[in-house]
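In case you want the letters, here they are:
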Amino acid sequence: MITLLRILFYIVLGLPALVIVLHTIIRIVRHFHKFPMPQFMANAIDNPLRRKIQPPDKTPARHGIEPGMIVLEVGPGNGTYTVATARRVGNRGKVVTIDIEPKMIERVTRRAQAEGIDNIEAKVADVYDLPFEDGFFDAIYMIAVIGEIPEPDRAMREFYRVLSSSGTLAFSEFLPDPDYPRAKTLIRKATAAGFRLQKKLGNVFYYTLILEKEEREC
Ligand SMILES: C[S@@+](CC[C@H](N)C(=O)[O-])C[C@H]1O[C@@H](n2cnc3c(N)ncnc32)[C@H](O)[C@@H]1O
């Protein structure tokens, strides 16, 4: 009986410690070697616990998305938040979503068709070279993406270019993500690219930053 209790004790203590150690190792590896999340992981991160923490129907409003907006989403994964955002912008609006992984784009396209949503345009593109005109979007958002990008400063300059002068840029990040960036780091990088913080929502486990364009002197 005592041996059994001892084993249970080690499991209860050991499992969280193992998770923390594994998470730290993955974080260190990802810090030095960044690459896009493999597409087979898209279902795994789109799970009921995640949807509880980050409810798809509430997230677009949290990102400052309003009906009628033209929105860019970077890195849609499974497309759960893309579909929710398309519903929020409605018929007068549109969601353009880009991903470097063609398989992710196929997933979103299939999902939009299956759900009868026709205001989503999904295309393969890289954040460093966005195939859009200057000032095209009313809002840009991404969830758990910027930490995967090797040169976030370069990406931020592209976001600045394709965002309208009154547009907003939103980042949502949550802690289990091995690429989770600190809010302070993201704000510093965005500020260097010409943005200023409009508001910060949430807490250290799950935060959202809303940034706007700083006026540039000519
Ligand atoms: C961790 S997943 C997040 C997926 C989704 N936003 C979510 O929260 O469920 C990151 C996504 O960013 C995409 N991505 C990574 N690097 C990219 C790049 N340079 N340009 C465009 N998309 C990129 C990945 O392919 C992947 O779909």
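Because the structure is a prediction, the values reported are computed rather than measured.

Details of the pairing of strand 3 (residues 120–124)
Direction of pairing for strand 2 (residues 94–99) relative to strand 3: parallel, over a ladder of five bridges. From the neighbouring strand, aspartate 99 faces strand 3, where its bridge partner is valine 124.

Quick look at the site of the ligand
Every one of the 19 residues lining the ligand counts as a neighbour, but Arg50, Gly75, Asp99, Ile143 and Glu148 are closest to it. Here glycine 75 contributes a backbone N or O atom positioned 2.7 Å from a nitrogen atom of the ligand. Aspartate 126 places a side-chain nitrogen or oxygen 3.2 Å from a nitrogen atom of the ligand. Bound to the protein, the ligand loses 96% of the 600 Å² it would expose on its own.

Thoughts on a nonpolar patch on the surface
A cluster of nonpolar side chains, Ile7, Ile11, Leu15, Leu18, Val21, Leu22, Ile25 and Val29, forms an exposed patch at the surface whose accessible area comes to about 720 Å². Mapped onto the elements of the fold, leucine 22 is located in helix 1 (residues 2–32).

Things to note about the layout of surface pockets
Of the volumes computed, that of the largest pocket is approximately 1000 Å³. Along the walls of the largest pocket sit 44 residues, with Met37, Ile45, Ala144, Glu148 and Asp177 positioned nearest its centre. Taken together, the residues that form the lining of the largest pocket break down as 27 nonpolar, seven polar and ten charged. Here the second largest pocket defines a volume of roughly 350 Å³. Contributing to the lining of the second largest pocket are 16 residues, with His31, Lys34, Asp179, Tyr180 and Pro181 lying nearest its centre. Tallied by class, the residues present in the lining of the second largest pocket amount to seven nonpolar, three polar and six charged. Mapped onto the domain boundaries, the lining of the second largest pocket takes at least three residues apiece from domain 1 (1–33) and domain 2 (38–213).

Observations concerning the pattern of salt bridges
Under the definition given, this model contains twelve salt bridges. When the shortest N-O distance is used, the salt bridge between glutamate 115 and arginine 111 registers 3.3 Å. For glutamate 212, the salt bridge goes to arginine 196, with nearest N and O atoms at 3.0 Å. Taken together, the residues glutamate 212 in strand 7 (residues 206–213) and arginine 196 in strand 6 (residues 195–202) connect sequence positions 16 residues apart. Look at glutamate 212 and you get partly exposed, because its relative accessible area is 22%. What makes arginine 196 partly exposed here is its relative accessible area of 33%.

Observations concerning the domain arrangement of the protein chain
On domain assignment, one finds that the protein chain holds domain 1 (1–33) and domain 2 (38–213). A C-alpha centroid distance of 32 Å is found between domain 1 and domain 2. Across the boundary between the two partners, domain 1 contributes four residues, which contact seven residues of domain 2. Of the roughly 440 Å² buried between domain 1 and domain 2 on both sides combined, carbon and sulfur atoms contribute 38%. Looking only at domain 1, the three residues that lose the most surface to domain 2 are His23, Arg27 and Arg30, adding up to 92% of its buried area. The tally of links between domain 1 and domain 2 comes to zero salt bridges. Connecting domain 1 to domain 2 are zero residue pairs in polar contact (both at pLDDT 80 or more). Within the side of domain 1 that touches domain 2, the residues separate by chemical class into one nonpolar, one polar and two charged.

Scoring rules and cut-offs
Residues numbered from 1 in each chain as written. Predicted model: local features only at pLDDT ≥ 70, side-chain atom pairs only at ≥ 80, totals over all residues. Heavy atoms only, no water. Pairing = 2+ DSSP bridges. Helix = DSSP H or I, 4+ residues; strand = E, 2+ residues; numbered from the N terminus. Near = heavy atom within 4 Å. Polar contact = N/O pair within 3.5 Å; in protein donor to acceptor, adjacent residues only side chain to side chain. Areas by Shrake-Rupley, 256 points an atom, 1.4 Å probe, with all protein chains shown as cover. Patch = residues over 30% accessible without salt bridge, like charges linked within 9 Å, V, L, I, M, F, W, Y side chains within 5 Å. Salt bridge = Lys/Arg side-chain N within 4 Å of Asp/Glu carboxyl O. 1 Å grid on protein atoms, 1.4 Å probe; cavity = no way out; pocket = protein on both sides within 12 Å on 5 of 7 lines; lining within 4 Å. Points joined across faces, edges and corners; volume = space filled by probe spheres on them. Nonpolar A, V, L, I, M, F, W, Y, C, P; charged D, E, K, R; others polar. Domains from an automatic or database assignment. Buried < 20%, exposed > 50% of the residue type's maximum accessible area, 1.4 Å probe, protein only. Contact = heavy atoms within 4.5 Å. Buried area = accessible area lost by both parts, 1.4 Å probe.

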